[in-house]
Amino acid sequence: AAAAADTLELSSQARKNLGLNSQPARLSTFRRTIDLPGRVVDRPGRSDRGITSPAVGIVTVIHAFPGDTVQPGDRLFTLRLLSEYVQNTQSELFKVTREIELETEKQNRLKQIGEGAIAPVRLIEVDQQLRRLAAASQSHRQELLTRGLSPAEIDQIASGTFVTTIEVRAPQPQPDSLPQQTDTSPTAHPVDGSPITYEVQELRVELGSQVQASQLLAMPADHRQLFIAGHAFKRETPLLERATRAGWPIEVEFAEDDPTAWPPLTQAFEIHHFSNMVDPETRTLDFFIPLINQASRYTKGDKNFVVWRFRPGQRVRLHVPVEELEGVIVLPAGAVVREGPEAYVFRQNGDLFKRLPVHLLHADRRQAVLANDGSVAPGWYLAQSSAATLNRVLKDQTASGAPVGVHVHADGTVHAAH
(Lines give C-alpha, C1' and ligand atoms only; values in the text may rest on other atoms or scores of the structure.)
Protein backbone atom coordinates (compact mmCIF):
# COMPACT_ATOMS: atom_id res chain seq x y z
CA ALA A 1 0.00 0.00 0.00
CA ALA A 2 2.88 2.35 0.79
CA ALA A 3 4.47 1.61 -2.58
CA ALA A 4 1.16 2.19 -4.35
CA ALA A 5 0.81 5.61 -2.68
CA ASP A 6 4.11 6.75 -4.22
CA THR A 7 3.62 5.38 -7.74
CA LEU A 8 1.71 6.93 -10.59
CA GLU A 9 0.91 5.60 -14.05
CA LEU A 10 0.65 7.97 -16.98
CA SER A 11 -0.35 7.20 -20.52
CA SER A 12 1.79 8.34 -23.45
CA GLN A 13 -0.90 10.87 -24.34
CA ALA A 14 -0.78 12.34 -20.83
CA ARG A 15 3.00 12.62 -21.01
CA LYS A 16 2.72 14.42 -24.33
CA ASN A 17 0.09 16.78 -22.94
CA LEU A 18 2.43 17.67 -20.09
CA GLY A 19 5.43 17.95 -22.37
CA LEU A 20 7.10 15.47 -20.04
CA ASN A 21 10.49 14.00 -20.80
CA SER A 22 12.94 12.07 -18.68
CA GLN A 23 16.71 12.14 -18.65
CA PRO A 24 19.24 9.98 -16.80
CA ALA A 25 20.64 11.48 -13.60
CA ARG A 26 24.34 12.35 -13.80
CA LEU A 27 26.91 13.48 -11.29
CA SER A 28 28.35 16.88 -12.08
CA THR A 29 29.85 20.00 -10.55
CA PHE A 30 27.50 22.83 -9.77
CA ARG A 31 28.38 26.44 -9.06
CA ARG A 32 25.94 28.16 -6.77
CA THR A 33 25.22 31.65 -7.99
CA ILE A 34 23.78 34.87 -6.72
CA ASP A 35 21.66 37.08 -8.94
CA LEU A 36 22.72 40.69 -9.33
CA PRO A 37 21.22 43.44 -11.50
CA GLY A 38 23.17 45.25 -14.17
CA ARG A 39 22.93 47.19 -17.39
CA VAL A 40 24.84 47.66 -20.62
CA VAL A 41 26.95 50.83 -20.67
CA ASP A 42 29.38 52.52 -23.02
CA ARG A 43 33.02 51.58 -22.73
CA PRO A 44 34.89 54.79 -21.85
CA GLY A 45 37.41 55.76 -24.47
CA ARG A 46 36.11 53.10 -26.89
CA SER A 47 32.42 53.61 -27.61
CA ASP A 48 31.71 57.36 -27.93
CA ARG A 49 33.94 59.75 -29.84
CA GLY A 50 33.63 63.52 -29.83
CA ILE A 51 34.21 65.37 -33.12
CA THR A 52 35.40 68.95 -32.65
CA SER A 53 36.01 71.85 -34.99
CA PRO A 54 39.70 72.32 -35.87
CA ALA A 55 39.32 76.05 -36.46
CA VAL A 56 36.86 78.94 -36.45
CA GLY A 57 34.42 78.62 -39.31
CA ILE A 58 30.85 78.35 -40.55
CA VAL A 59 29.11 75.02 -41.16
CA THR A 60 28.26 75.00 -44.86
CA VAL A 61 27.51 71.27 -45.42
CA ILE A 62 26.48 68.45 -43.07
CA HIS A 63 27.29 65.11 -44.66
CA ALA A 64 26.08 62.71 -41.92
CA PHE A 65 22.97 62.92 -39.76
CA PRO A 66 21.82 61.02 -36.64
CA GLY A 67 21.31 57.36 -37.51
CA ASP A 68 23.72 57.40 -40.45
CA THR A 69 26.78 55.17 -40.45
CA VAL A 70 30.22 56.36 -41.53
CA GLN A 71 33.63 54.78 -41.97
CA PRO A 72 36.88 56.25 -40.66
CA GLY A 73 37.92 59.08 -42.98
CA ASP A 74 34.40 59.76 -44.30
CA ARG A 75 33.32 63.40 -44.43
CA LEU A 76 31.11 64.63 -41.62
CA PHE A 77 31.12 68.44 -42.06
CA THR A 78 32.39 71.10 -44.45
CA LEU A 79 33.45 74.34 -42.77
CA ARG A 80 34.20 77.69 -44.41
CA LEU A 81 37.28 79.00 -42.67
CA LEU A 82 37.05 82.28 -40.76
CA SER A 83 40.13 81.80 -38.66
CA GLU A 84 42.66 84.59 -39.04
CA TYR A 85 45.27 82.33 -37.53
CA VAL A 86 44.82 79.71 -40.27
CA GLN A 87 44.82 82.37 -42.97
CA ASN A 88 47.98 83.95 -41.60
CA THR A 89 49.66 80.53 -41.35
CA GLN A 90 48.83 79.86 -44.99
CA SER A 91 50.29 83.22 -45.97
CA GLU A 92 53.45 82.62 -43.95
CA LEU A 93 53.90 79.18 -45.48
CA PHE A 94 53.58 80.62 -48.99
CA LYS A 95 56.07 83.38 -48.23
CA VAL A 96 58.56 80.97 -46.68
CA THR A 97 58.26 78.66 -49.67
CA ARG A 98 59.04 81.51 -52.05
CA GLU A 99 62.00 82.62 -49.91
CA ILE A 100 63.34 79.08 -49.95
CA GLU A 101 63.17 79.09 -53.74
CA LEU A 102 65.02 82.44 -53.92
CA GLU A 103 67.70 81.36 -51.47
CA THR A 104 68.13 78.08 -53.32
CA GLU A 105 68.63 79.96 -56.58
CA LYS A 106 71.13 82.25 -54.86
CA GLN A 107 73.03 79.26 -53.50
CA ASN A 108 73.18 77.65 -56.94
CA ARG A 109 74.56 80.89 -58.50
CA LEU A 110 77.24 81.17 -55.86
CA LYS A 111 78.26 77.58 -56.45
CA GLN A 112 78.49 78.24 -60.19
CA ILE A 113 80.77 81.21 -59.60
CA GLY A 114 83.12 78.98 -57.63
CA GLU A 115 84.57 78.96 -54.16
CA GLY A 116 87.73 80.83 -55.17
CA ALA A 117 85.81 83.87 -56.52
CA ILE A 118 83.60 84.46 -53.43
CA ALA A 119 84.19 84.44 -49.71
CA PRO A 120 83.28 81.15 -48.02
CA VAL A 121 81.30 83.05 -45.41
CA ARG A 122 78.67 83.93 -48.02
CA LEU A 123 77.98 80.27 -48.76
CA ILE A 124 77.74 79.60 -45.04
CA GLU A 125 75.25 82.46 -44.58
CA VAL A 126 73.06 81.20 -47.44
CA ASP A 127 73.14 77.66 -46.06
CA GLN A 128 72.13 78.85 -42.59
CA GLN A 129 69.33 80.95 -44.05
CA LEU A 130 68.00 77.91 -45.91
CA ARG A 131 68.00 75.91 -42.71
CA ARG A 132 66.04 78.64 -40.89
CA LEU A 133 63.50 78.84 -43.69
CA ALA A 134 63.14 75.03 -43.81
CA ALA A 135 62.46 74.98 -40.07
CA ALA A 136 59.87 77.75 -40.44
CA SER A 137 58.21 75.88 -43.34
CA GLN A 138 58.07 72.66 -41.33
CA SER A 139 56.54 74.53 -38.40
CA HIS A 140 53.82 76.08 -40.57
CA ARG A 141 53.05 72.71 -42.15
CA GLN A 142 52.63 71.10 -38.74
CA GLU A 143 50.30 73.90 -37.64
CA LEU A 144 48.10 73.34 -40.67
CA LEU A 145 48.13 69.57 -40.16
CA THR A 146 46.83 70.03 -36.61
CA ARG A 147 44.02 72.17 -38.03
CA GLY A 148 42.81 69.25 -40.11
CA LEU A 149 44.32 70.06 -43.51
CA SER A 150 45.67 67.18 -45.55
CA PRO A 151 49.26 67.05 -46.89
CA ALA A 152 47.92 67.53 -50.43
CA GLU A 153 46.10 70.71 -49.39
CA ILE A 154 49.23 72.00 -47.66
CA ASP A 155 51.23 71.45 -50.84
CA GLN A 156 48.63 73.49 -52.72
CA ILE A 157 49.00 76.29 -50.18
CA ALA A 158 52.75 76.26 -50.63
CA SER A 159 52.25 76.64 -54.38
CA GLY A 160 49.93 79.62 -53.90
CA THR A 161 46.42 78.09 -53.85
CA PHE A 162 44.95 78.92 -50.44
CA VAL A 163 42.34 76.75 -48.74
CA THR A 164 39.03 78.43 -47.88
CA THR A 165 37.10 75.37 -46.68
CA ILE A 166 38.04 72.47 -44.48
CA GLU A 167 36.59 68.95 -44.25
CA VAL A 168 35.92 67.41 -40.85
CA ARG A 169 36.17 63.63 -41.13
CA ALA A 170 35.39 60.59 -38.98
CA PRO A 171 38.31 59.61 -36.72
CA GLN A 172 40.56 56.62 -37.21
CA PRO A 173 40.11 53.69 -34.80
CA GLN A 174 42.50 53.10 -31.96
CA PRO A 175 44.98 50.26 -32.60
CA ASP A 176 43.75 48.07 -29.74
CA SER A 177 40.02 48.71 -30.15
CA LEU A 178 39.26 45.76 -32.44
CA PRO A 179 37.59 42.78 -30.70
CA GLN A 180 39.46 39.50 -30.93
CA GLN A 181 36.45 37.43 -31.93
CA THR A 182 35.00 36.44 -35.29
CA ASP A 183 31.34 35.86 -36.02
CA THR A 184 30.76 34.55 -39.54
CA SER A 185 27.00 34.09 -39.23
CA PRO A 186 25.08 35.54 -42.19
CA THR A 187 22.76 37.43 -39.84
CA ALA A 188 25.54 39.15 -37.93
CA HIS A 189 28.28 41.40 -39.17
CA PRO A 190 31.74 39.85 -38.62
CA VAL A 191 33.53 42.12 -36.18
CA ASP A 192 37.14 40.94 -36.34
CA GLY A 193 39.13 42.51 -39.15
CA SER A 194 36.09 44.24 -40.65
CA PRO A 195 35.99 48.00 -41.29
CA ILE A 196 34.98 49.86 -38.19
CA THR A 197 31.57 51.53 -38.42
CA TYR A 198 30.60 54.68 -36.58
CA GLU A 199 26.97 55.54 -35.98
CA VAL A 200 26.18 59.23 -35.68
CA GLN A 201 24.26 59.55 -32.43
CA GLU A 202 23.93 63.30 -32.02
CA LEU A 203 24.57 66.57 -33.85
CA ARG A 204 25.60 69.58 -31.79
CA VAL A 205 25.50 72.20 -34.60
CA GLU A 206 23.15 73.35 -37.31
CA LEU A 207 23.67 74.28 -40.92
CA GLY A 208 24.99 77.84 -41.16
CA SER A 209 26.05 78.12 -37.53
CA GLN A 210 29.44 79.59 -36.66
CA VAL A 211 31.71 77.34 -34.62
CA GLN A 212 34.81 78.04 -32.61
CA ALA A 213 38.00 76.03 -32.49
CA SER A 214 37.60 72.85 -30.38
CA GLN A 215 33.80 73.22 -30.32
CA LEU A 216 31.95 69.88 -30.25
CA LEU A 217 30.23 69.18 -33.56
CA ALA A 218 28.90 65.62 -33.35
CA MET A 219 28.98 62.41 -31.29
CA PRO A 220 29.62 59.29 -33.38
CA ALA A 221 29.70 55.97 -31.55
CA ASP A 222 31.25 52.58 -32.13
CA HIS A 223 29.24 50.02 -30.15
CA ARG A 224 31.36 47.00 -31.00
CA GLN A 225 32.90 47.05 -27.53
CA LEU A 226 30.73 47.72 -24.49
CA PHE A 227 30.72 47.07 -20.77
CA ILE A 228 28.19 45.31 -18.58
CA ALA A 229 28.02 47.27 -15.33
CA GLY A 230 26.86 45.08 -12.45
CA HIS A 231 25.63 46.48 -9.14
CA ALA A 232 26.48 44.78 -5.86
CA PHE A 233 26.39 45.74 -2.20
CA LYS A 234 29.64 46.08 -0.32
CA ARG A 235 29.06 42.87 1.63
CA GLU A 236 28.87 40.93 -1.66
CA THR A 237 32.27 42.17 -2.82
CA PRO A 238 34.25 39.25 -1.29
CA LEU A 239 32.09 36.79 -3.22
CA LEU A 240 32.76 38.66 -6.47
CA GLU A 241 36.48 38.78 -5.76
CA ARG A 242 36.49 35.03 -5.19
CA ALA A 243 34.79 34.39 -8.53
CA THR A 244 37.28 36.70 -10.23
CA ARG A 245 40.33 35.00 -8.73
CA ALA A 246 38.95 31.53 -9.54
CA GLY A 247 38.22 32.54 -13.14
CA TRP A 248 34.61 31.38 -12.95
CA PRO A 249 32.57 32.62 -15.92
CA ILE A 250 29.48 34.68 -15.21
CA GLU A 251 26.19 33.87 -16.90
CA VAL A 252 24.46 36.93 -18.32
CA GLU A 253 20.73 37.07 -18.95
CA PHE A 254 19.80 39.98 -21.22
CA ALA A 255 16.40 41.58 -20.84
CA GLU A 256 14.45 42.55 -23.96
CA ASP A 257 16.62 40.27 -26.11
CA ASP A 258 15.48 37.65 -28.62
CA PRO A 259 18.22 34.99 -28.78
CA THR A 260 16.52 33.24 -31.70
CA ALA A 261 17.11 36.25 -33.96
CA TRP A 262 20.86 36.36 -33.35
CA PRO A 263 23.77 33.91 -33.38
CA PRO A 264 24.57 32.31 -30.03
CA LEU A 265 26.99 34.14 -27.78
CA THR A 266 30.30 32.31 -27.46
CA GLN A 267 32.00 34.89 -25.28
CA ALA A 268 33.08 33.94 -21.76
CA PHE A 269 31.95 36.70 -19.42
CA GLU A 270 34.43 37.49 -16.65
CA ILE A 271 34.83 40.49 -14.36
CA HIS A 272 37.33 42.97 -15.77
CA HIS A 273 37.63 45.41 -12.87
CA PHE A 274 35.80 46.86 -9.88
CA SER A 275 34.85 50.43 -9.22
CA ASN A 276 36.61 52.02 -6.26
CA MET A 277 33.66 54.20 -5.35
CA VAL A 278 30.33 53.39 -3.73
CA ASP A 279 27.27 55.10 -5.15
CA PRO A 280 26.06 57.45 -2.40
CA GLU A 281 22.40 57.05 -3.41
CA THR A 282 22.10 53.29 -3.99
CA ARG A 283 25.02 52.27 -1.72
CA THR A 284 26.13 49.79 -4.38
CA LEU A 285 29.53 49.05 -5.87
CA ASP A 286 29.86 48.64 -9.63
CA PHE A 287 31.89 45.98 -11.40
CA PHE A 288 32.46 45.78 -15.14
CA ILE A 289 32.40 42.89 -17.63
CA PRO A 290 33.58 43.34 -21.26
CA LEU A 291 30.91 42.70 -23.89
CA ILE A 292 31.57 42.10 -27.59
CA ASN A 293 28.53 43.27 -29.51
CA GLN A 294 26.81 41.78 -32.55
CA ALA A 295 25.35 43.74 -35.43
CA SER A 296 23.45 43.35 -38.66
CA ARG A 297 23.37 45.75 -41.57
CA TYR A 298 20.82 46.83 -44.12
CA THR A 299 20.78 49.30 -46.99
CA LYS A 300 18.06 51.85 -47.67
CA GLY A 301 18.51 53.96 -50.75
CA ASP A 302 22.18 54.85 -51.04
CA LYS A 303 22.86 54.69 -47.29
CA ASN A 304 23.92 51.85 -45.04
CA PHE A 305 22.50 51.36 -41.57
CA VAL A 306 23.50 49.12 -38.69
CA VAL A 307 21.39 47.47 -35.99
CA TRP A 308 23.23 46.52 -32.81
CA ARG A 309 22.06 43.62 -30.69
CA PHE A 310 23.05 45.25 -27.39
CA ARG A 311 22.55 48.91 -26.62
CA PRO A 312 23.69 51.08 -23.69
CA GLY A 313 20.96 51.22 -21.07
CA GLN A 314 19.72 47.66 -21.69
CA ARG A 315 19.03 45.81 -18.43
CA VAL A 316 20.69 42.49 -17.62
CA ARG A 317 20.62 39.91 -14.84
CA LEU A 318 23.97 38.51 -13.76
CA HIS A 319 24.35 35.03 -12.29
CA VAL A 320 27.64 35.23 -10.41
CA PRO A 321 29.07 31.92 -9.10
CA VAL A 322 30.06 32.07 -5.44
CA GLU A 323 30.39 28.41 -4.40
CA GLU A 324 31.30 25.15 -6.13
CA LEU A 325 29.52 21.89 -5.26
CA GLU A 326 31.13 18.72 -6.60
CA GLY A 327 29.54 15.29 -7.10
CA VAL A 328 25.93 16.48 -7.10
CA ILE A 329 22.92 15.89 -9.35
CA VAL A 330 21.65 18.98 -11.15
CA LEU A 331 18.05 19.07 -12.44
CA PRO A 332 15.77 21.77 -13.84
CA ALA A 333 13.74 23.57 -11.21
CA GLY A 334 10.51 22.02 -12.50
CA ALA A 335 11.83 18.51 -11.78
CA VAL A 336 11.53 18.98 -7.99
CA VAL A 337 8.41 19.62 -5.94
CA ARG A 338 8.43 20.88 -2.37
CA GLU A 339 5.88 19.75 0.17
CA GLY A 340 6.59 21.19 3.57
CA PRO A 341 10.07 20.06 4.64
CA GLU A 342 10.08 17.30 2.02
CA ALA A 343 11.36 17.52 -1.56
CA TYR A 344 10.46 14.94 -4.22
CA VAL A 345 11.48 13.88 -7.71
CA PHE A 346 9.81 11.34 -9.98
CA ARG A 347 11.65 8.34 -11.43
CA GLN A 348 10.23 6.94 -14.66
CA ASN A 349 10.01 3.22 -15.35
CA GLY A 350 7.97 2.76 -18.50
CA ASP A 351 4.52 4.21 -17.82
CA LEU A 352 5.12 4.29 -14.05
CA PHE A 353 6.46 7.30 -12.17
CA LYS A 354 7.68 6.69 -8.64
CA ARG A 355 7.98 9.58 -6.23
CA LEU A 356 11.32 9.67 -4.40
CA PRO A 357 12.27 11.87 -1.43
CA VAL A 358 15.57 13.68 -1.95
CA HIS A 359 17.91 15.97 -0.09
CA LEU A 360 17.77 19.37 -1.79
CA LEU A 361 21.06 21.25 -1.41
CA HIS A 362 20.16 24.31 -3.45
CA ALA A 363 17.25 25.56 -5.52
CA ASP A 364 16.58 28.69 -7.51
CA ARG A 365 14.18 29.66 -10.25
CA ARG A 366 16.21 27.79 -12.87
CA GLN A 367 17.89 24.75 -11.28
CA ALA A 368 17.71 22.34 -8.35
CA VAL A 369 20.72 20.55 -6.86
CA LEU A 370 20.37 17.14 -5.18
CA ALA A 371 22.82 15.50 -2.81
CA ASN A 372 24.34 12.21 -3.92
CA ASP A 373 23.20 10.34 -0.78
CA GLY A 374 21.81 7.22 -2.44
CA SER A 375 18.19 8.36 -2.71
CA VAL A 376 18.78 8.88 -6.44
CA ALA A 377 21.40 6.82 -8.25
CA PRO A 378 23.22 8.03 -11.36
CA GLY A 379 21.61 6.58 -14.46
CA TRP A 380 18.04 6.62 -13.17
CA TYR A 381 15.64 8.33 -15.51
CA LEU A 382 14.03 11.31 -13.77
CA ALA A 383 11.21 13.52 -14.98
CA GLN A 384 12.69 16.87 -15.98
CA SER A 385 9.55 18.96 -15.52
CA SER A 386 5.95 19.03 -14.24
CA ALA A 387 6.88 17.57 -10.84
CA ALA A 388 4.23 19.71 -9.16
CA THR A 389 1.54 18.39 -11.54
CA LEU A 390 2.61 14.79 -11.03
CA ASN A 391 2.55 15.23 -7.27
CA ARG A 392 -0.93 16.75 -7.39
CA VAL A 393 -2.25 13.90 -9.55
CA LEU A 394 -0.65 11.39 -7.19
CA LYS A 395 -2.30 12.99 -4.17
CA ASP A 396 -5.68 13.01 -5.92
CA GLN A 397 -5.26 9.36 -6.81
CA THR A 398 -4.35 8.48 -3.23
CA ALA A 399 -7.29 10.42 -1.84
CA SER A 400 -9.73 8.71 -4.23
CA GLY A 401 -8.39 5.25 -3.36
CA ALA A 402 -7.78 4.36 -7.02
CA PRO A 403 -5.29 1.53 -7.57
CA VAL A 404 -2.00 2.04 -9.35
CA GLY A 405 -2.98 0.31 -12.58
CA VAL A 406 -5.36 2.98 -13.78
CA HIS A 407 -5.42 5.42 -16.68
CA VAL A 408 -4.62 8.97 -15.52
CA HIS A 409 -5.07 12.03 -17.72
CA ALA A 410 -2.94 15.20 -17.51
CA ASP A 411 -5.79 17.16 -15.94
CA GLY A 412 -5.89 14.74 -12.98
CA THR A 413 -8.96 12.71 -14.00
CA VAL A 414 -8.66 9.00 -13.27
CA HIS A 415 -10.16 6.22 -15.41
CA ALA A 416 -9.92 2.49 -15.46
CA ALA A 417 -7.20 1.05 -17.63
CA HIS A 418 -8.39 0.32 -21.20
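Scroll up for the structure.
Throughout what follows, the structure given in this document is the object of discussion. These figures come from a predicted structure and were not determined experimentally.

**Observations concerning the pairing of strand β22 (residues 360-363)**
The sheet contact formed by β22 and strand β23 (residues 367-370) spans three bridges and is antiparallel. Its bridge partner lying in β23, A363 is registered against A368.

**Quick word on the sheet that holds strand β8 (residues 165-169)**
The four strands lie next to each other as β8-β7-β5-β10, forming an open sheet whose pairing is antiparallel. The sheet is open, and its two borders are formed by β8 and β10 (210-211), each paired with just one other strand. Examined bridge by bridge, strand β5 (residues 57-62) and strand β7 (residues 75-81) share five bridges and lie antiparallel to one another. Within β7, the position partnered with G57 by the bridge is L81.

**Details of the sheet that holds strand β11 (residues 216-221)**
Strand order in this open sheet of four strands is β4-β11-β9-β6, and the pairing throughout is antiparallel. Of all strands in the sheet, those with a lone pairing partner are β4 (51-52) and β6 (69-70), marking the two edges.

**A few points about unusual backbone geometry**
In this model, S214 sits at a positive phi of 70 degrees, which is unusual for a non-glycine residue. Residue placement: S214 occurs in the loop between β10 and β11. For S386, which is not glycine, the phi torsion reads 60 degrees and is therefore positive. With respect to the helices and strands, the residue S386 is situated in the loop between β24 (381-383) and α7 (387-400).

**Structural notes on the nonpolar core**
If you look at the biggest cluster of nonpolar residues, it comprises 28 residues, and the most contacted ones within it are V59, L76, F77, L79, L144 and L149. Of all the elements in the fold, those that place two or more residues in this core are β5, β7, α3 (84-113), α5 (151-158), β8, β9 (198-203) and β11. Element by element, the count of residues in this core is highest for β7, at four residues. In this structure L79 touches S53, P54, I58, V59, T60, T164, T165, I166, V168 and V211, once residues within four positions along its chain are discounted.

The rules we used
- Residues numbered from 1 in each chain as written.
- Predicted model: local features only at pLDDT ≥ 70, side-chain atom pairs only at ≥ 80, totals over all residues.
- Heavy atoms only, no water.
- Pairing = 2+ DSSP bridges.
- Helix = DSSP H or I, 4+ residues; strand = E, 2+ residues; numbered from the N terminus.
- Core = buried A, V, L, I, M, F, W, Y, C linked by side-chain atoms within 4.5 Å.
- Buried < 20%, exposed > 50% of the residue type's maximum accessible area, 1.4 Å probe, protein only.
- Contact = heavy atoms within 4.5 Å.

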